[in-house]
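This is what each chain is made of:
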Amino acid sequence: MKLIEYPDAEIMMMELADTLAGELKNALLVHDTASLAVPGGTTPGPIFDSLCAADLDWARVHVMLTDERWVPETSDRSNTRLLRERLLTDKASAAQYVPLYADAPTPEEKLPDLAAALADDLPLSVVLLGMGADMHTASIFPGADQLDLALAGDDLLVAMRAPGAPEPRITLSAKVLNAAMSRHLVIIGAEKRAALEKAQGLPAQEAPVSAILNGTTVHWAER
Ligand SMILES: O=C(O)[C@H](O)[C@@H](O)[C@H](O)[C@H](O)COP(=O)(O)O
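Residues numbered from 1 in each chain as written. Predicted model: local features only at pLDDT ≥ 70, side-chain atom pairs only at ≥ 80, totals over all residues.

Novice: Residues and numbers for the overall build of the protein chain, please.
Specialist: Each helix and strand counted, the protein chain has seven helices and ten strands in total. Projecting the C-alpha coordinates of the protein chain onto the three principal axes gives extents of approximately 40 × 40 × 35 Å. For the protein chain, with 223 residues in total, the buried portion stands at 45%. Counting only contacts in the protein chain whose residues sit at least 6 apart along the sequence, the fraction spanning at least 24 positions is 73%. (Helix = DSSP H or I, 4+ residues; strand = E, 2+ residues; numbered from the N terminus. Buried ≥ 20, exposed ≤ 12 C-beta atoms within 10 Å, placed from the backbone. Contact = placed C-beta atoms within 7 Å.)

Novice: So what's going on with the environment of Glu167? Residues and values would help.
Specialist: You can see Glu167 is positioned in the loop between strand S7 (157-160) and strand S8 (169-172). Judged by the 12 C-beta atoms lying within 10 Å of it, Glu167 falls in the exposed class. When the C-alpha positions of Glu167 and Met135 are compared, they lie 18 Å apart, and in sequence the two are 32 residues distant. If sequence neighbours within four positions are ignored, Glu167 has contacts with Arg69, Trp70, Val71 and Arg77.

Novice: Tell me about the nonpolar core, and name the residues and values.
Specialist: Of all hydrophobic cores here, the largest spans 72 residues; its most connected members are Leu24 and Leu51. With residues near it in sequence (within four places) discarded, Leu51 still touches Ala17, Leu20, Ala21, Leu87 and Ala92. (Core = buried A, V, L, I, M, F, W, Y, C linked by C-beta atoms within 7 Å.)

Novice: Break down the pairing of strand S6 (residues 126-129) for me, with residues and values.
Specialist: Neither face of S6 is open: one carries Val126 and Leu128, the other Val127 and Leu129, and all of them are buried. Here S6 runs beside strand S9 (residues 182-188); their pairing, made up of four bridges, is parallel. When the bridges of S9 are listed, Val126 appears paired with Ser182. (Pairing = 2+ DSSP bridges.)

Novice: Give a description of the sheet that holds S6 that names residues and reports values.
Specialist: The seven strands lie next to each other as S1-S10-S9-S6-S2-S3-S5, forming an open sheet whose pairing is parallel. In the strand order of this sheet, the two ends are held by strand S1 (2-6) and strand S5 (96-97), each with one partner.

Novice: Account for the confidence of the model for the protein chain, with residues named and values stated.
Specialist: With 100% of its residues at a pLDDT of 70 or more, the protein chain shows a mean pLDDT of 98. The ipTM assigned to the predicted complex is 0.97, against a pTM of 0.98. (pLDDT = per-residue confidence, 0-100.)

Structure follows, in structure tokens:
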């Protein structure tokens, strides 16, 4: 793991957007398409605001979430909604969106179709992850019902229910995340920095983020 500390979050978001755009551009030099997976939640919005204006051949970029809450796009809990509003806009509106949600009461009903649709985009070119103070990443939560499958299984996508998550989730597995050509984790604040340090000494069952730290660049700003 490599840690980059920034003087403030605003600078971090802009520099990280540049880094992601540069990596996508490089991937497009050698491949017909490039794939980008990004988290939802409250942290990455400003990265999306910069990245969406990056000058690259977005029509050849396939964009997806690292994980989704099982709620329709009309919900303000929908990560898809965040992506449409802040990333898949401006120049990036030409990108192809690969959904992790479909209209059905539970994720299990749609899991095979959603997994088949994303299989063509693997290995992912660039992955950006977030982390919770409970040391979850993507929707791989401590105490989740399918934690073993998400951490050590061969499935691409896993449906999850977890005490720390108010609705069912769907998440890329650790296998998919770890196969990515490039992986970044973005966190803000002292609490998450302490959680990251604690996670490094714990098994993935207790600290799921530790399963994806090898080879990952962590970007941190205090505020
Ligand atoms: O749907 C989600 O919630 C995310 O993809 C999740 O993994 C997120 O990255 C962390 O929970 C951090 O969330 P915050 O950025 O809101 O702290």
